[in-house]
Amino acid sequence: MDELHFHYYLLIIACDIGSMASFDEILSKESIFKDSSVLSPHFVPRELPFREDQLSELMLLVSPALAGKKPKNIIIYGKSGTGKTVCIKRVMEDFDAQKKNATIVYLNCRIYSSRYRILQKVLKGFVPELERSGFGLPFLYEKLLDVAGTGRQMVIVLDEIDMVKDLDDLVYTMTRANDELKAGGVTIIGISNRLHFKDALDTRSRSSLYENEMVFPGYTSEQLQKILFQRAEAGFRKGIVDGSAINLAAAITANDSGDARYALKLILKAGEIAEKEGKKEVTDAEVEAARRAVELDLVSETINTLPENHQIVLYAIAKLSMSGSKYSRLEGMDGSFLFTGEIHEEYENICRRLRKKPRTPRWYKEYLNDLETLGLITTTPSSKGIRGHTTLIKIGQNPRDIEKLIRDKLALG
DNA sequence: CCTCCACAGGAAGCGCAGGAGT
DNA sequence: ACTCCTGCGCTTCCTGTGGAGG
């Protein structure tokens with residue numbers, strides 16, 4: 001942020017709290033939160049309700065490493081927000097506290113997505129010269145043998161393991177390392193939310209990776225209620241959160257995913273909304289408002305990570321949705337569906353305004369597919385009646401919200 | 001019935017950034 | 001650090017489909 005913008009920024013803040021007369025007033029105003037970090041998705045609580053079984057099973061499976069023996073490899077399945085990562089983190093805390101000749105490392109494979117990178121990251125803590133790159137795979141392999149060869153048990157947790165491109169090779173490398181090692185060992189704990197990713201593995205690495213398999217089920221509405229209660233108690237001051245608000249948040253979440261992370265986000269957001277509006281309690285109304293806000297947040301996050309051309313196409317769709325489809329009116333319909341042709345025209349117009357070269361229709365169609373996969377638009381093939389063969393397109397959310405989100409981002413007038 | 005329009009989507013090939021391997 | 005190569009994003013070309021209209 002440059003200086004000018006920084007001053008604007010201060011000005012905006014000043015306007016925002018314009019109603020506050022003094023620091024005394026601001027500071028004397030009590031927050032409804034006791035400790036909002038408890039509600040953050042990264043928080044690892046001492047108690048993990050409804051995951052006691054999985055937790056003790058995991059500890060049992062990993063425990064040989066603390067006794068100098070190699071544990072079996074483990075694969076953990078479960079949709080997002082079912083407590084996979086948080087369980088592992090808890091196990092890791094207790095594991096490290098034992099201070100034995102054993103190491104447990106956590107990696108997210110979205111970032112460390114190849115055998116090479118994983119080895120490099122794991123060994124970095126032991127081999128200082130790896131800060132510089134330029135070492136071959138054989139070198140890394142030798143170092144792995146050196147590090148584990150001292151009798152060290154190494155447990156590598158690979159979150160989102162399905163993102164590893166050469167998983168077969170990785171598993172094979174680890175298997176070979178374990179064969180060669182006289183003391184010490186290397187164990188993989190893989191976490192995945194895609195149930196069918198093992199189909200892509202070859203038989204040999206599959207059987208060695210799947211020595212143990214654990215499944216984390218989604219939380220039910222009742223379970224979510226208890227979890228939310230527990231967290232709300234620690235996160236909010238007494239008597240702030242209404243019981244029915246928690247039930248509502250649990251019900252909304254259980255209804256579409258059972259994702260505890262989403263439920264926590266709802267409650268946190270509801271609290272923030274209540275606080276901003278100066279309310280003393282969090283009720284159903286705040287949870288409802290939070291749901292809309294969280295949904296828009298998710299959409300906005302998706303849009304922000306979209307490549308520019310996808311954004312332009314989506315912008316074109318939002319723009320046309322606001323005015324209604326000319327083509328479909330010509331066909332005597334209500335104008336709520338758009339045609340691929342008119343969207344492409346609009347897309348080209350916007351590209352011209354932005355002085356960008358528009359992509360060809362062939363590729364533009366792939367953009368439409370991507371947008372549909374992301375749930376931002378829905379498409380219906382039209383087989384009868386309308387202009388031969390075409391696709392009818394409808395935007396997923398309120399076009400005004402989408403239009404505004406992208407307009408700010410693309411700096412369109 | 002034939003041709004044209006508007007579109008779907010496969011195949012091949014191209015240039016380039018960045019990852020793999022040394 | 002340096003080179004080679006692969007994969008990605010994209011264009012070009014092509015075939016196929018079904019209604020509209022002469």
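Just so it is clear, the structure is predicted and the values come from calculations on it, not from any experiment. (Residues numbered from 1 in each chain as written. Chains lettered and ligands numbered in written order. Predicted model: local features only at pLDDT ≥ 70, side-chain atom pairs only at ≥ 80, totals over all residues.)

A. Examining the overall build of chain A more closely. Tallying secondary structure elements over chain A gives 17 helices and 8 strands in all. Buried positions account for 31% of the 413 residues belonging to chain A. (Helix = DSSP H or I, 4+ residues; strand = E, 2+ residues; numbered from the N terminus. Buried ≥ 20, exposed ≤ 12 C-beta atoms within 10 Å, placed from the backbone.)

B. Main features of the nonpolar core. Of all hydrophobic cores here, the largest spans 38 residues; its most connected members are Val155, Ile156, Val157, Leu158 and Ile189. If sequence neighbours within four positions are ignored, Val157 has contacts with Ile88, Ile104, Val105, Tyr106, Leu107 and Ile189. With 28 residues, the next largest nonpolar core counts Ile32, Tyr219, Ile267 and Leu268 among its residues. (Core = buried A, V, L, I, M, F, W, Y, C linked by C-beta atoms within 7 Å. Contact = placed C-beta atoms within 7 Å.)

C. The arrangement of the sheet that holds strand 1 (residues 74-77) in detail. Here 5 strands make up an open sheet; going across it, the order is 2-3-4-1-5 and the pairing parallel. Either end of the sheet is taken by a strand with one partner, and the two such strands are strand 2 (102-108) and strand 5 (212-215). Neighbour-to-neighbour, the strand axes of this sheet turn through a mean angle of 15 degrees, independent of strand direction. Pairing of strand 1 with strand 5, which is carried by 4 bridges, proceeds in the parallel orientation. Bridge pairing in strand 5 places Ile74 opposite Asn212. (Pairing = 2+ DSSP bridges. Axes fitted to C-alpha atoms, helices over the stretch in contact; angles between N-to-C directions.)

D. Layout of the pairing of strand 8 (residues 390-395). Of the strand pairs in this sheet, strand 6 (residues 338-339) and strand 8 are connected by 2 bridges, and their pairing is antiparallel. Its bridge partner being in strand 8, Leu338 is matched across the sheet by Ile393. Sheet analysis places strand 7 (residues 377-382) next to strand 8, joined by 6 bridges and oriented antiparallel. Residue pairing for strand 8: Thr379 is matched across the bridge by Ile393.

E. Expanded view of the sheet that holds strand 7. Pairing is antiparallel in the open sheet, where 3 strands are placed in the order 6-8-7. On the outer flanks of this sheet lie strand 6 and strand 7, each paired with one strand and no other.

F. Representation of the domain arrangement of chain A. Domain annotation for chain A reports domain 1 (31-40 + 220-296), domain 2 (52-215) and domain 3 (306-410). Here the C-alpha centre of domain 3 lies 44 Å away from the C-alpha centre of domain 2. (Domains from an automatic or database assignment.)

G. Here's a closer look at helix 11 (residues 260-276). The terminal C-alpha atoms of helix 11, which comprises 17 residues, lie 24 Å apart, in line with the 24 Å expected from a rise of 1.5 Å per residue. Burial analysis of helix 11 places 12 of its 17 residues in the buried class, the great majority of the element. Ala260, Tyr262, Ala263, Leu264, Lys265, Leu266, Ile267, Leu268, Lys269, Ala270, Gly271 and Ala274 are the residues of helix 11 that are buried. In this fold, the buried residues of helix 11 make contact with helix 9 (221-235), helix 10 (243-256) and helix 12 (284-304). Two residues or fewer after helix 11 comes Gly278, characterised by a positive phi angle close to 70 degrees. (Expected span 1.5 Å × (residues − 1).)

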